[in-house]
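Listed below are the residues making up each chain.
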Amino acid sequence: MKQVQKISVASEPAAVYYLQVSWEDDIGTGFSLSLSDGQSAWHGRVSEEDISKEAGEMEMKREKYVEELKRALALGTKQADAYSFDLTKDDIEAEDLSFIYEKVLKDVSFRLGSARLCKVQSPAEVIKEMIDFGLVCTAELHVKSELLANENERLLSDQNYILQELEKCVAEKEQLEQELFTRFVLVLNEKKAKIRSLQEKLKEVEATAESAKHHRDKLSTVRSSPTAEEADYDASTDDENSNVQSSISQVSVSYRGNSKAPTASLAIDNTSPDIMDIAPSRKRRQRLQKAEEIESKSSKQSAQQPKSR
């Protein structure tokens, strides 16, 4: 894998350098460095032993140290503010450089490591390699950008379609709600009318039941308390019974006093008071029939007694 980034060095702030980092599977197994200013180029390598040595000198776990190396060398400008680079020479006329990378904290920085870079005799090859890598990355980014643009366009189209469908659903929902509300009002009015009709029928039934109950109570009161006519009738029937008994007694006395004149026993005392006929005709006929039967029996007994003597 490769990573190319544009860096600046602390000793030459105005200068611009391009750093290429190459590694196999993991940067912790060692990596190669290529540095160029556009005219010259330098190349060096950091082995796995050098990485372990640097981690030991910093008293840092190797895994954590490797993560710091990835952030400093492999993430490009994403961590530019957190790390700094510098170049030094052993001699002013020397062509080889020492490439130093440091981690920047708030007010201080500490050294992560360094690499020995040797000047390349044919820098064009290194520069060409960097340019090729940049072109490949640009092409890949362009393809990725097109894919993202197409995806974005598709998402926009889907969004517009969804919005249209949503508006359609909202309109249909409102129409359905209106229809349901209209039906509900009709059903509610029908139910109210039916309830009113049932309430009126219930009132009629209650009124009928109350009237019937009042009529039954009135009849019960009338039956339990006799009227004035019934009271007069009871009194008249009592008088009538007493008169009948008196007549029967007179007939018996007359028979016993004068056996030769049986017909006299049949005469009823005319001095007895008249009977007030205020009872119903049927009851009056029954009482008259009883009186006639009693008189007939008395007459028969009076007729039989002289013959026996």
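Scroll up to find the structure this text is about.
Residues numbered from 1 in each chain as written. Predicted model: local features only at pLDDT ≥ 70, side-chain atom pairs only at ≥ 80, totals over all residues. Heavy atoms only, no water.

## Section: helix 2 (residues 62–74)
Formally: A run of DSSP states H or I qualifies as a helix once it reaches four residues; a run of E qualifies as a strand once it reaches two. Both are numbered from the N-terminal end. Take the residue count of a helix, subtract one, and multiply by 1.5 Å to get its expected span. Burial classes follow relative accessibility: with a 1.4 Å probe on protein chains only, a residue under 20% of its type's maximum area counts as buried, one over 50% as exposed, and anything between as partly exposed.
Compared with an ideal rise of 1.5 Å per residue, which puts 13 residues at 18 Å, helix 2 spans 17 Å between its outermost C-alpha atoms and is within 8% of the ideal. Taken as a whole, helix 2 has its buried residues at Tyr65, Val66, Glu68, Leu69, Ala72, Leu73 and Ala74.

## What to know about the pairing of strand 3 (residues 30–36)
Rule in force here: One bridge is not enough; two strands pair if DSSP finds at least two bridges between them.
Counting buried positions over the seven residues of strand 3 gives seven, a clear majority of the element. Across the two faces of strand 3 the burial is the same, with Gly30, Ser32, Ser34 and Ser36 and Phe31, Leu33 and Leu35 all buried. Between strand 2 (residues 17–23) and strand 3, which pair antiparallel in sequence order, lie six residues. Examined bridge by bridge, strand 3 and strand 4 (residues 41–47) share seven bridges and lie antiparallel to one another. For glycine 30, the partnering residue across the bridge sits in strand 4 and is serine 47. Once strand 3 ends, the chain turns through four residues before running back antiparallel as strand 4, passing glycine 38 with a positive phi of about 100°.

## Some thoughts on helix 1 (residues 48–57)
This is how it is decided: As used here, the arc is the angular range of directions from the helix axis to the C-beta atoms. In what follows, residue pairs with any heavy atoms lying within 4.5 Å of each other are defined as contacts.
Those residues of helix 1 lying buried are Ile51, Glu54 and Ala55. Taken end-on, helix 1 shows its buried residues confined to a sector of 100°, consistent with a single buried face. Exposed residues lying more than 90 degrees from the buried face of helix 1 are Glu49, Lys53 and Glu57. Where the residues of helix 1 are buried, they touch strand 3, strand 4, helix 2 and strand 7 (109–119). Glutamate 59 occupies a position one or two residues after helix 1 and carries a positive phi of about 55°.

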